[in-house]
Amino acid sequence: MTAWIVAVGSELLTPFHVDTNSLVITERLNAIGCRVTRKLVVGDDAVELSRVLAGAVGEVDLVVCTGGLGPTADDVTRDALAGALGLPLDADEEVARAIRARFARRGVPMPEINMRQALVPRGAIVLQNEHGTAPGLWLDRPPTRFLLLPGPAREMTPLLERAVATHVASLSDGTRLVRRVVKVAGRPESDVDARAQPVYARWASQDVPIETTILASPGLVELHLTAREGQGQDAAAALDAAVGELRRALGASVFSDDRRSLEEVVGALLGSTRQTLAVAESCTGGLLTSRLTDVPGSSAYLNRSAVCYSNLAKIEWLSVPEALIAEHGAVSEPVARAMAEGVRAAAGADLGLAVTGIAGPGGGSAEKPVGTVAIAVVAGRREHVETFHFAGGRAQVKEQATRAGLNLLRQFLLDTVRPSD
Ligand code: ATP
């Protein structure tokens, strides 16, 4: 089964809005074994959209449109579909009643223009929208079916779920795509690929073939493994075996195969070993703490965090000796170690984590270029201190330093049990 996704909205053709709905739709369609072969973005232009929709008939099994179902003149999706297929638009009394009731509940008079949303191309089934006034539409006209969904994600997603369960899934031949995501930290993409490629090259030709895609972002590499389930094939078992092989090839740099983020994994390790953490950040400016606190329940292990940007802050708040900064510089392993120990001692926490570096674009030198970042984890007498050299601009250096800090902490936690001192 194949599909096109058409995102409708002139704002999606400007530099300010991105079509993210199609990502959600693709994921949902893939899960029922439907392959997306084309994605298009069309402005609020009924003629252009009509041309696209007419061109889909007979080319593809399903077209999913998102957006352009509102009440105003620039919401053109209904009219474009009716025009493309030569269908009249009928006023649907039930939809009209639902829209009126929605306005009445909110005590707001209904603009007459909203009745446009009650117009339905003849033969289409209405999908009631509990989160907005624009109903979705399902038009079952083989060989090509049309699913029209509203633009706002909170309206679109529940309607998509319902439409897939009620109408779309039965069109699929029963195969579904199963996906696993293996996340790797602390290795560059080229290194991950060099180690993983000989492993996944074999998977394409096995009984249950597995497709592999690599996605890299600063400090994080994801391997997406996809297999088809159906006709007696056990995709889940094949993927489990594949994930095991990757884990063996990549070692402890694999931190998740269940969609968990680095901060969730770190949080679970801290929680299960019942250790508390204090953090001192310089060049990351609080980003690392922000990530840690993205995890619900992080107050159980995160004691405190200090953003100490100036030398004086490091001296006053973290008790870093002035002479240490003078001798080694604020971006150095001895200062990172002293920051981590200073914040740990002040908090009375089990672990201290500190990051100090040069995010750029200024501040670099021949000895310590932009992207130099020292990170320290301390716990009692145990410590790990490491210097990294990250590439990229200020935002990328901050991102990589944050991920490296979290990853260093993760590896430290894996290597040690609860400190006894
Ligand atoms: P409503 O009448 O409820 O607004 P609609 O179908 O007319 O529904 P649009 O007016 O096209 O929706 O879009 C409303 C908003 O939804 C847009 O301003 C945008 O923020 C968001 N949106 C629309 N399409 C997309 C998309 N493809 N990806 C991400 N966001 C989108």
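Predicted model only: the values in this text are computed from it and were never measured.

Draft legend 1. Up close: the packing of aromatic side chains. Tallying each qualifying case throughout the model produces 2 aromatic pairs. Seen in terms of ring centroids, Tyr200 and Trp203 are 6.5 Å apart; in terms of plane orientation they differ by 45°. Their pairing is tilted. For Trp203, a relative accessible area of 1% puts it in the buried group. An angle of 15° between the planes, with centres 5.4 Å apart, marks the rings of Phe388 and Phe390 as stacked. For the pair formed by Phe388 and Phe390, the shared burial category is buried. In this structure, Arg106 is placed above the aromatic ring of Phe103, and the distance from its NZ or CZ to the ring centre is 5.6 Å.

Draft legend 2. Summary view of the environment of Ala7. Tracing the backbone shows Ala7 in strand β1 (residues 2–8). Between the C-alpha atom of Ala7 and that of Ile99, which follows or precedes it by 92 residues, the distance is 24 Å. Ignoring sequence-local partners within four residues, the contact set of Ala7 consists of Leu12, Asp19, Leu40, Val41, Val42 and Thr66.

Draft legend 3. Local environment of the sheet that holds strand β16 (residues 372–379). Taken in spatial order, the 5 strands of this open sheet run β14-β13-β15-β16-β17, and their pairing is mixed. The open sheet terminates on both sides in strands that have one partner only, identified here as β14 (302–307) and β17 (382–389). Averaged over all neighbouring strand pairs, the angle between strand axes comes to 10°, with direction disregarded. As judged from the 5 bridges shared by strand β13 (residues 277–281) and strand β15 (residues 351–357), these two strands associate in the parallel manner. For Leu277, the partnering residue across the bridge sits in β15 and is Leu351. In the packing of helix α13 (residues 394–415) onto the sheet, contacts are made with β13, β15, β16 and β17, and the angle to β16 comes to roughly 25°.

Draft legend 4. Examining the environment of Glu155 more closely. The residue Glu155 is located in helix α5 (residues 153–168) in this model. On the accessibility criterion, Glu155 (12% relative accessible area) is buried. Along the sequence, Glu155 and Leu409 sit 254 residues apart, while their C-alpha atoms lie 40 Å from each other. Non-local contacts of Glu155, meaning those with residues more than four positions away in its chain, are made with Asn129, His131, Gly132 and Pro150.

Draft legend 5. Quick peek at the pairing of β13. Among the 5 residues of β13, 5 are classified as buried, and the element is accordingly described as predominantly covered. Alternating residues of β13 divide into Leu277, Val279 and Glu281 and Ala278 and Ala280, and every residue in both groups is buried. In this sheet, β14 lies alongside β13 in parallel orientation, the contact comprising 5 bridges. Across the sheet, Ala280 pairs through a bridge with Ala306, a residue of β14. For the segment spanning β13, helix α9 (residues 287–292) and β14, crossover handedness is right-handed.

Draft legend 6. Structural view of the sheet that holds strand β9 (residues 176–185). Ordered by their spatial adjacency, 4 strands build an open sheet running β10-β11-β9-β12, and the pairing between neighbours is antiparallel. Both outer strands of the open sheet, β10 (210–217) and β12 (254–256), are each paired with one neighbouring strand and no more. Neighbour to neighbour, the strand axes of the sheet diverge by 30° on average, direction disregarded. Of the pairings in the sheet, the one linking β9 to β12 comprises 2 bridges and is antiparallel in character. From the neighbouring strand, Val184 faces β12, where its bridge partner is Val254.

Draft legend 7. Up close: unusual backbone geometry. Cis geometry is adopted by the peptide bond preceding Pro143, which originates at Pro142 and carries an omega value of 10°. Structurally, Pro143 is set in the loop between β7 (136–139) and β8 (145–149). Here the amide bond leading from Gly360 into Pro361 is cis, since omega sits at 0°, within 30 degrees of zero. By secondary structure assignment, the location of Pro361 is in the loop between β15 and β16. The phi dihedral of Arg274 falls on the positive side, at around 55°, and the residue is not glycine. Within the secondary structure layout, Arg274 lies in the loop between α8 (262–272) and β13. Although it is not a glycine, Ser319 sits at a positive phi angle of roughly 55°. You can see Ser319 is positioned in the loop between α10 (311–318) and α11 (322–328).

Draft legend 8. Representation of the nonpolar core in the model. Core analysis: the biggest nonpolar cluster contains 34 residues, and Leu277, Leu292, Leu351, Val373, Ile375 and Leu409 have the highest contact counts within it. Taken together, the elements giving at least two residues each to this core come down to α8, β13, α9, β15, β16 and α13. Top contributing element to this core by residue count: α13, with 8 residues. Among all residues touching Leu292, those that are not within four sequence positions of it are Glu263, Val266, Leu277, Val279, Ser298, Tyr301, Leu302 and Leu406.

Draft legend 9. Representation of the site of the ligand in the model. Taken together, 16 residues lie near the ligand, and Asp19, Gly68, Leu69, Gly70 and Gly151 sit nearest. Contacts to the ligand include Thr20, whose backbone N or O atom sits 3.0 Å from a nitrogen atom. Within the side chain of Glu155, a nitrogen or oxygen atom sits 3.1 Å from an oxygen atom of the ligand. Burial of the ligand by the surrounding chains reaches 75%, relative to a free accessible area of 620 Å². Residue composition of the shell around the ligand, grouped by class: 6 nonpolar, 6 polar and 4 charged.

What counts and how
Residues numbered from 1 in each chain as written. Predicted model: local features only at pLDDT ≥ 70, side-chain atom pairs only at ≥ 80, totals over all residues. Heavy atoms only, no water. Phe/Tyr/Trp six-rings, centres within 6.5 Å; stacked < 30°, edge-to-face > 60°. Buried < 20%, exposed > 50% of the residue type's maximum accessible area, 1.4 Å probe, protein only. Lys NZ or Arg CZ within 6 Å of the ring centre and 35° of its normal. Helix = DSSP H or I, 4+ residues; strand = E, 2+ residues; numbered from the N terminus. Contact = heavy atoms within 4.5 Å. Pairing = 2+ DSSP bridges. Axes fitted to C-alpha atoms, helices over the stretch in contact; angles between N-to-C directions. Right-handed = clockwise from strand over helix to strand, strands pointing away. Core = buried A, V, L, I, M, F, W, Y, C linked by side-chain atoms within 4.5 Å. Near = heavy atom within 4 Å. Polar contact = N/O pair within 3.5 Å; in protein donor to acceptor, adjacent residues only side chain to side chain. Areas by Shrake-Rupley, 256 points an atom, 1.4 Å probe, with all protein chains shown as cover. Nonpolar A, V, L, I, M, F, W, Y, C, P; charged D, E, K, R; others polar.

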